[in-house]
Amino acid sequence: MQKIYPLVSEHLRDAKFYIIGDKAPPEIVALATDRIVVAGLQKDVRPFFDSVKLSVAPLRFGAGVKGKINQSMAFGVPVVATSLAVEGMDLTDHEDVLVADEPEDFARSLIELYESEELWKTLSQNSIKETRASYSTDTASKTLEFLFSEDHLGSLEQSVAVKQQEIAMAARS
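A quick note: this is a predicted structure, and the numbers were derived from the prediction, not measured.

Rules behind the numbers
- Residues numbered from 1 in each chain as written.
- Predicted model: local features only at pLDDT ≥ 70, side-chain atom pairs only at ≥ 80, totals over all residues.
- Heavy atoms only, no water.
- Helix = DSSP H or I, 4+ residues; strand = E, 2+ residues; numbered from the N terminus.
- Contact = heavy atoms within 4.5 Å.
- Areas by Shrake-Rupley, 256 points an atom, 1.4 Å probe, with all protein chains shown as cover.
- Axes fitted to C-alpha atoms, helices over the stretch in contact; angles between N-to-C directions.
- Parallel < 35°, antiparallel > 145°, perpendicular 65-115°, else oblique.
- Nonpolar A, V, L, I, M, F, W, Y, C, P; charged D, E, K, R; others polar.
- Salt bridge = Lys/Arg side-chain N within 4 Å of Asp/Glu carboxyl O.
- Buried < 20%, exposed > 50% of the residue type's maximum accessible area, 1.4 Å probe, protein only.
- Arc of directions from axis to C-beta.
- Pairing = 2+ DSSP bridges.
- Core = buried A, V, L, I, M, F, W, Y, C linked by side-chain atoms within 4.5 Å.

## What to know about the overall build of the protein chain
Stage number 1. Summing up its helical and strand segments, the protein chain has nine helices and five strands in all.
Stage number 2. Across the protein chain, helices and strands are ordered from the amino to the carboxyl terminus as α-β-α-β-α-β-α-β-α-β-α-α-α-α.
Stage number 3. Excluding contacts between residues fewer than 6 apart, the proportion of contacts in the protein chain whose partners are at least 24 apart in sequence is 52%.
Stage number 4. Looking at the protein chain as shown, the accessible area adds up to about 11700 Å², and 54% of this sits on carbon and sulfur atoms.

## So, the packing of helix 6 (residues 103-115) against helix 7 (residues 117-135)
Axis angle and axis distance: for two packed helices, these are the angle between their axes and the distance between the axes, and together they describe the pair.
Stage number 1. Relative to each other, helix 6 and helix 7 sit at 95°, their axes nearing to 5 Å. One finds that helix 6 runs roughly perpendicular with respect to helix 7. Contacts between helix 6 and helix 7 involve E112, L113 and E115 from the former and E117, L119, W120 and L123 from the latter.
Stage number 2. The residue makeup of the contact of helix 6 with helix 7, split by class, is four nonpolar, no polar and three charged.

## Looking at the pattern of salt bridges
Stage number 1. The full count for this structure, using the stated rule, is four salt bridges.
Stage number 2. One salt bridge in this structure joins D105 and R108, with 2.5 Å as the shortest N-O distance. Of this pair, D105 and R108 are both found in helix 6, three residues apart, which corresponds to roughly one turn of the helix.
Stage number 3. By relative accessible area, which is 33% here, D105 ends up partly exposed.
Stage number 4. Residue class for R108 comes out exposed when judged on its relative accessible area of 52%.
Stage number 5. Among the ionic pairs, D138 bridges to K142, the shortest N-O distance being 3.3 Å. In this pair, D138 and K142 are both assigned in helix 8 (residues 137-147), four residues apart and thus about one turn of the helix distant.
Stage number 6. In this structure D138 comes out as partly exposed when scored by relative accessible area, which is 45%.

## Quick notes on helix 4 (residues 67-74)
Since one α-helical turn is 3.6 residues long, residues separated by three or four positions face the same way.
Stage number 1. Considered for burial, the residues of helix 4 that qualify are I69, N70, S72 and M73. Taken down its axis, helix 4 places every buried residue within 160° of arc, on the same side.
Stage number 2. Residues of helix 4 that are buried make contact with helix 3 (46-51), strand 3 (55-57), strand 4 (79-81), helix 5 (83-86) and helix 7.

## A short note on the environment of F49
Stage number 1. One can find F49 in helix 3.
Stage number 2. Measuring from C-alpha to C-alpha, the distance between F49 and Q71 comes to 9.2 Å, with 22 residues separating the pair along the chain.
Stage number 3. In this view, F49 contacts Q71, S72, F75 and V77; residues no more than four positions away in its chain are not counted.

## Digging into the sheet that holds strand 4
Stage number 1. Read from one edge of the open sheet, three strands run 3-4-5, paired in parallel fashion. The sheet terminates laterally at strand 3 and strand 5 (98-99), the two strands that pair on one side only.

## Comments concerning the nonpolar core
Stage number 1. With 15 residues, the main nonpolar core has V8, L12, L98, F106, L110 and L113 as its most contacted residues.
Stage number 2. Listed by contribution, the elements that provide at least two residues to this core are helix 6 and helix 7.
Stage number 3. In terms of residue count, the dominant contributor to this core is helix 6 (five residues).
Stage number 4. Residue contacts for L110: discarding those within four places in its chain leaves V8, L12, L54, V56 and V80.

Next comes the structure, spelled out in structure tokens:
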């Protein structure tokens, strides 16, 4: 809000910025204006995703798959994120998301996405495809089937047996 929003707001004067989530700290609530909406916890986020043009994830710390990025992408809402935010998610810059780490680059990417209908359509379509391919219930079912299959469990048993032999050999040395 301090470094990126001022750069964006001077260029996109009519754009609104929504902050959605539980337990916003007082310093975030204090930012609320007619253009910065602190919406708080929402039981159903669909109305927001149906009405917004893009989503931002300017994370500076964190690990693993970021649910808010997946959620945005599943709704076909393109995301501008830091490299840390998309780390480990196998997403491609300018194909699935826009990635920028410096405030000026992040603001420039956000403005570019907001103004380019072609880029927006590309990212929106690819977001839906990527989310379905990686995180759909069908994909999860296939992954679980494999993890509990004899092929996988048998290979794990062989791996454990080899490790035990290696430990036994190392102990004899």
